[in-house]
Amino acid sequence: NLLIKFENISTRNQAETLVGKDIFTLKSFLPEVSENEYFINDLISLDVYDEKNKLIGTVSNVLSINNQTIIEIKEVGKKTEILLHFNKANILDVD
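A brief report on the enclosed structure follows. (Residues numbered from 1 in each chain as written. Predicted model: local features only at pLDDT ≥ 70, side-chain atom pairs only at ≥ 80, totals over all residues. Heavy atoms only, no water.)

## With respect to the overall build of the chain
Counting secondary structure elements, the chain contains 2 helices and 4 strands. Reading the helices (α) and strands (β) of the chain from amino to carboxyl end gives α-α-β-β-β-β. In summary, the chain has a C-alpha radius of gyration of 18 Å against a globular reference of 12 Å for 95 residues, an excess of more than 25%. In terms of its C-alpha atoms, the chain occupies a principal-axis envelope of roughly 55 × 30 × 25 Å. Within the span of the chain, comprising 95 residues, buried residues form 12% of the whole. Relative to all contacts within the chain whose residues are 6 or more apart in sequence, the contacts with residues 24 or more apart total 10%. As presented, the chain carries roughly 8500 Å² of accessible surface, and 50% of it is formed by carbon and sulfur atoms. (Helix = DSSP H or I, 4+ residues; strand = E, 2+ residues; numbered from the N terminus. Rg over C-alpha atoms; globule rule 2.2 N^0.38 Å. Buried < 20%, exposed > 50% of the residue type's maximum accessible area, 1.4 Å probe, protein only. Contact = heavy atoms within 4.5 Å. Areas by Shrake-Rupley, 256 points an atom, 1.4 Å probe, with all protein chains shown as cover.)

Printed below as a string of structure tokens:
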């Protein structure tokens, strides 16, 4: 969990004005991530290779479905996309 405090917002009513709004920050303000943890934005646009180092495609989206993280991979040279569970069984390394 992450707790954020905004300048000039000190009451619940003031905070409720932000409900439904997109909130952005500089990456330098975010906490450090632990080993094997990633910010979603860091995964988007990464190239994906198979175990033989052959390029499969590029991460085009990251989804959270039923507490599972799914990466969407746009296949190279194709109009298709692959959905892959983002777990140790499927992902050998993130670099």
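Structure shown, so let's carry the discussion forward.
## Notes on the nonpolar core
Within the largest apolar cluster, 7 residues are counted, these being Leu43, Val48, Val59, Val62, Ile71, Ile73 and Ile91. Among the elements of the structure, strand E2 (55-65) and strand E3 (68-75) are those that each provide at least two residues to this core. Apart from residues no more than four positions distant in its own chain, Leu43 is found in contact with Tyr38, Val59, Val62, Phe86 and Val94. (Core = buried A, V, L, I, M, F, W, Y, C linked by side-chain atoms within 4.5 Å.)

## Re the environment of Glu51
Mapped onto the elements of the fold, Glu51 is located in the loop between strand E1 (47-49) and E2. For Glu51, a relative accessible area of 66% translates into the label exposed.

## Re the sheet that holds E1
An order of E1-E2-E3-E4 is seen for the 4 strands of this open sheet, with the pairing classed as antiparallel. With partners counted over all chains shown, the strands left at the sheet margins are E1 and strand E4 (81-85), one partner each. Across the sheet, the axes of successive neighbouring strands diverge by a mean angle of 45 degrees, strand direction being ignored. (Pairing = 2+ DSSP bridges. Axes fitted to C-alpha atoms, helices over the stretch in contact; angles between N-to-C directions.)

## A closer look at unusual backbone geometry
Excluding glycine, residues mostly carry a negative phi; peptide bonds, for their part, are mostly trans. The phi torsion at Ser45 lies on the positive side, around 80 degrees, for a residue other than glycine. Residue position: Ser45 is located in the loop between helix H2 (40-43) and E1. The phi dihedral of Asn66 is positive, around 50 degrees, even though this residue is not glycine. Relative to the helices and strands, Asn66 resides in the loop between E2 and E3.

## Concerning the side chain of Glu75
Position of Glu75 among the secondary structure elements: in strand E3. Residue Glu75 is classed as buried on the basis of its relative accessible area, which comes to 18%. Beyond its immediate chain neighbours, meaning those up to four positions away, Glu75 contacts Ile56, Gly57, Thr80 and Ile82.

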